[in-house]
Amino acid sequence: QVQLVESGGGLVQPGGSLKLSCAASGSIVSIDAMGWYRQAPGKERELVAAITSGGTTTYAGSVKGRFTISRDNAKNTVYLQMDSLKPEDTAVYLCNAEVRTDWRLPFYNYWGQGTQVTVSS
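So, a few notes on the structure that sits alongside this text. For every chain, the first residue of the written sequence is number 1, and numbering continues from 1 along that sequence. Only residues with pLDDT of 70 or above have their local features reported here, since the model is predicted, and side-chain atom pairs are shown and tallied only from 80 upward, although totals for entire chains, interfaces and linings are computed over all residues. Only hydrogens and water are set aside; all other atoms, that is, all heavy atoms of the structure, feed into the side-chain values.

This part is about the environment of Ala33. Runs of E in the DSSP output that reach at least two residues are strands. Runs of H or I that reach at least four are helices, and both are numbered from the N terminus. When you line up the elements, Ala33 lands in strand S4 (residues 30-39). Residues Ala33 and Arg100, 67 residues apart in the sequence, show an inter-C-alpha distance of 11 Å. The contact partners of Ala33, leaving out residues within four places of it in the chain, are Ile51, Thr52, Arg71, Asn96, Ala97 and Glu98. Residues count as neighbours in contact if any of their non-hydrogen atoms are within 4.5 Å of one another.

The buried fraction of strand S9 (residues 91-100) is high, at eight of ten residues. Strand pairing requires that DSSP identify at least two bridges connecting the strands. Judged from the four bridges that link them, S9 and strand S10 (residues 108-111) form a sheet pairing that is antiparallel. Paired with Glu98 across the bridge in S10 is Asn109. Any residue under 20% of the maximum accessible area for its type is buried, any over 50% is exposed, and the rest in between are partly exposed; the area is computed with a 1.4 Å probe on protein chains only.

Counting residues in each nonpolar core, the largest one holds 30 residues, and the members touching the most others are Trp36, Leu80, Met82 and Tyr93. Secondary structure elements with two or more residues in this core: strand S1 (2-7), strand S3 (18-26), S4, strand S5 (46-51), strand S7 (67-72), strand S8 (77-82), S9 and strand S11 (115-119). For this core, the element with the highest residue contribution is S9, accounting for five residues. Ignoring anything within four residues of it in the chain, the contact list for Tyr93 reads Glu6, Leu20, Trp36, Tyr37, Arg38, Val48, Phe67, Leu80, Met82, Gly114, Thr115 and Val117. Among the buried residues, those of types Ala, Val, Leu, Ile, Met, Phe, Trp, Tyr and Cys that are joined through side-chain atoms within 4.5 Å form a nonpolar core.

The term disulfide is used for any two cysteine sulfur atoms that are within 2.5 Å. Summed over all chains, the structure comprises one disulfide. Put simply, Cys22 and Cys95 are joined by a disulfide, and their sulfur atoms are 2.1 Å apart. Residues Cys22 and Cys95 share a disulfide whose torsion about the S-S bond is about -80°; that sign makes it left-handed. Here Cys22, found in strand S3, pairs with Cys95, found in strand S9; they are 73 residues apart in sequence, far enough to count as distant.

A few words on the pairing of S3. Each regular strand displays side chains that alternate between the two surfaces of the sheet. Sheet analysis places S1 next to S3, joined by six bridges and oriented antiparallel. Among the inter-strand pairings, Val5 is bridged to a residue of S3, identified as Ala23. Sheet topology places S3 next to S8; six bridges connect them, and they run antiparallel. By the bridge assignment for S8, Ala23 is matched with Thr77.

Here it is, written out as structure tokens:
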């Protein structure tokens, strides 16, 4: 099995910064894309940022220029540096990874349990 464990959430004032981490562990042979999604109360889950195994990144328009996604392939870990945070960034942030646990199997999608980010004065 594969586990994704997020950390780094919390309460921050508008304009502040937070850095989220997500470490994948378990029977991992290979990880393809990794990403961060968020879900605010009453809203649909949305993609925040994603990064391929080769380092190509994608960002939601609302966070472009403020958030930076990166990964450490040796540690099976993805990060999200969030700067210039706004109240509308408040949400549960969930980690996602496409993981292969056996070379004979395709990549499967795994999710972390999420970490709360609250931006408020």
